[in-house]
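So you can see what is in the structure, the chains are spelled out below.
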Amino acid sequence: MSADIAHELHERKDHELARRAVRARLVTGIGPATMLAGLVWVLVQPWRLTLLHPHGQGFWWLLAEPPLYVVLVGLVFRLVVAPGLVEDLEEGR
Amino acid sequence: MIVAGIEPRAEMVHWWFATGILVLALLAFAETIVGPEVWGARPWRRYLWPGMLFLLGILMWPVMALYTNSMIHMVAHGSWAQALMVAGGAELGVARGKLHSQYWRLTSAGALLVSGAAFLVHEQNGWLFGRAAFLHHALGWTLLVASVFPFAQAIRPRSIVAASGFATTLVVIAVLLYCDRDSAAIFGHFSQFAGVMHR
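Residues numbered from 1 in each chain as written. Chains lettered and ligands numbered in written order. Predicted model: local features only at pLDDT ≥ 70, side-chain atom pairs only at ≥ 80, totals over all residues. Heavy atoms only, no water.

Glancing now at the overall build of chain B. Tallying secondary structure elements over chain B gives eight helices and zero strands in all. When its helices and strands are written in sequence order, chain B yields α-α-α-α-α-α-α-α. Relative to the compact-globule value of 16 Å for 199 residues, chain B shows a C-alpha radius of gyration of 17 Å, a close match. Taken over the C-alpha atoms alone, chain B extends approximately 55 × 30 × 25 Å along its principal axes. Within chain B, residue pairs in contact and separated by at least 24 positions form 67% of the contacts whose partners lie at least 6 positions apart. Summed over its atoms, the accessible surface of chain B is roughly 9,300 Å², and 72% of this surface lies on carbon and sulfur atoms. Each charge class in chain B can be summarised by its mean position, and for the 12 positive and 8 negative side chains these summaries are 11 Å apart. (Helix = DSSP H or I, 4+ residues; strand = E, 2+ residues; numbered from the N terminus. Rg over C-alpha atoms; globule rule 2.2 N^0.38 Å. Contact = heavy atoms within 4.5 Å. Areas by Shrake-Rupley, 256 points an atom, 1.4 Å probe, with all protein chains shown as cover. Lys, Arg positive; Asp, Glu negative; His and termini not counted. Charge placed at Lys NZ, Arg CZ, Asp CG, Glu CD.)

Now the structure itself:
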């Protein structure tokens, strides 16, 4: 009987570990997926990036680079938020 | 009235707010994935989402002051700023542990409702006047309908569907805001009164 319980507990633990691994992978993927979306946007609409044709552009037009903002948001999330979250998920093991 | 060459164009302001909303969306997705216990394991992380929301509310004030095309614009932007600050402030109170009720999440539902109404009220043109008009209508109705998600979160705080719906709504809002152009066509339609068209 106790062997059955131990086996069940072991299975539950394995299941929980697998769930946490999936969560860690998802969290790690958010940043790169966002960066990829920004890069695809640059390829689809290169005219939205005035840095590619900066001549004659004013200050605000050179500052406003929406596809780069998307890449930057993904990068900051990947470098600042994701590592701690993955660490905390693993510590929960 | 925008002072030519000094103030950024309205479309740029939309893109900057889109970036703030995108940050909110990524944080909301991450919290949904890892769960509130892991998310709250580091105190600074609890303040990210409400802090960003509160900051967006503060940044709406210069928009109200500098982009006052009409009385209705000023009222819309002003009430919008207040709603975002109330929601951000309430969520900050919850994160700090000063506020305890799960129903404080209703302030986020209120923020979406006020934001949606503000979009719809201050857009005076029809859907197909131009891209900006279309997006204002689309954003307004999206926000109004999506307010059901934070409302559901207030009732069932651990609902994955409500949390995912809220995070997805934020992504949709960011995408729509990034699509905004001051004078561009929408589905081949562009009013002769909408200025000089660009892509």
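Text resumes after the structure shown.
On to the nonpolar core, then. Ranked by internal contacts, the top residues of the largest apolar core, which has 63 residues, are Phe77(A), Leu85(A), Val34(B), Trp49(B), Leu177(B) and Tyr178(B). With 15 residues, the single largest contributor to this core is helix α1 (residues 10-34) of chain B. With residues near it in sequence (within four places) discarded, Trp49(B) still touches Leu24(B), Leu27(B), Ala28(B), Glu91(B), Ser108(B), Phe166(B) and Leu170(B). (Core = buried A, V, L, I, M, F, W, Y, C linked by side-chain atoms within 4.5 Å. Buried < 20%, exposed > 50% of the residue type's maximum accessible area, 1.4 Å probe, protein only.)

Attention now goes to the interface of chain A and chain B. Facing the 24 residues of chain A at the interface are 29 residues of chain B. Of the roughly 2,400 Å² buried where chain A meets chain B, counting both sides, 75% is carbon and sulfur surface. Linking chain A with chain B are three salt bridges. Arg45(B) serves as the salt-bridge partner of Asp88(A), at 2.5 Å between the closest nitrogen and oxygen. (Buried area = accessible area lost by both parts, 1.4 Å probe. Salt bridge = Lys/Arg side-chain N within 4 Å of Asp/Glu carboxyl O.)

This part covers helix α8 (residues 160-178) of chain B. Relative to the 27 Å expected for 19 residues at 1.5 Å per residue, α8(B) spans 27 Å between its end C-alpha atoms, a close match to the ideal helical length. For α8(B), the N-terminal capping position is held by Ser159(B), with its side-chain oxygen 3.5 Å away from the main-chain nitrogen of Val161(B). (Expected span 1.5 Å × (residues − 1). Polar contact = N/O pair within 3.5 Å; in protein donor to acceptor, adjacent residues only side chain to side chain.)

Our focus in this paragraph is the pattern of salt bridges. In this structure the tally under the stated criterion is seven salt bridges over all chains. Residues Arg42(B) and Glu87(A) are paired through a salt bridge, measuring 3.0 Å at the closest nitrogen-oxygen approach. In this pair, Arg42(B) is assigned in the loop between α2 (36-39) and α3 (43-66) and Glu87(A) in helix α3 (residues 66-91), connecting two distinct chains. Arg42(B) gets classed as partly exposed once you look at its relative accessible area, which sits at 22%. Classification of Glu87(A) by relative accessible area gives partly exposed; the value is 40%. Here Arg158(B) makes a salt bridge to Glu37(B), at a shortest N to O gap of 3.1 Å. Here Glu37(B) lies in helix α2 and Arg158(B) lies in the loop between α7 (148-155) and α8, a separation of 121 residues in the sequence. Assigned by exposure class, Arg158(B) and Glu37(B) land together as exposed. Taken together, the salt bridges that share partners define one network made up of Glu87(A), Asp88(A), Arg42(B) and Arg45(B).

What follows deals with the packing of aromatic side chains. Inspection of the entire model under this criterion finds seven aromatic pairs over all chains. Seen in terms of ring centroids, Trp41(A) and Tyr178(B) are 5.3 Å apart; in terms of plane orientation they differ by 65°. Their pairing is edge-to-face. Residue Trp41(A) is found in helix α1 (residues 2-44), and its partner Tyr178(B) is found in helix α8; the two belong to separate chains. When sorted by exposure, Trp41(A) lands in the same class as Tyr178(B), which is buried. Clustering of aromatic rings is evident, with ring pairs tying together Phe59(A), Trp60(A) and Trp16(B). Positioned over the ring face of Trp44(B) is Arg45(B), at 6.0 Å from the centre of the ring. Here the guanidinium or amino end of Arg105(B) rests over the ring plane of Trp49(B), the centre of that ring lying 5.5 Å away. (Phe/Tyr/Trp six-rings, centres within 6.5 Å; stacked < 30°, edge-to-face > 60°. Lys NZ or Arg CZ within 6 Å of the ring centre and 35° of its normal.)

Residues and elements named next belong to chain B. In this structure, arginine 105 sits in the loop between α4 (71-96) and α5 (106-121). A polar contact is formed between the side chain of arginine 105 and the side chain of glutamine 153, at a distance of 2.6 Å. Not counting residues within four places of it along the chain, the set of residues in contact with arginine 105 comprises Glu91, Pro150, Gln153, Ala154 and Phe166.

Let us now look at the side chain of Thr169(B). Mapped onto the secondary structure, Thr169(B) falls in helix α8. Leave out the neighbours within four places in its chain, and Thr169(B) touches Ala146(B) and Phe149(B).

Remember, this is a structural readout, not a statement about activity or role.
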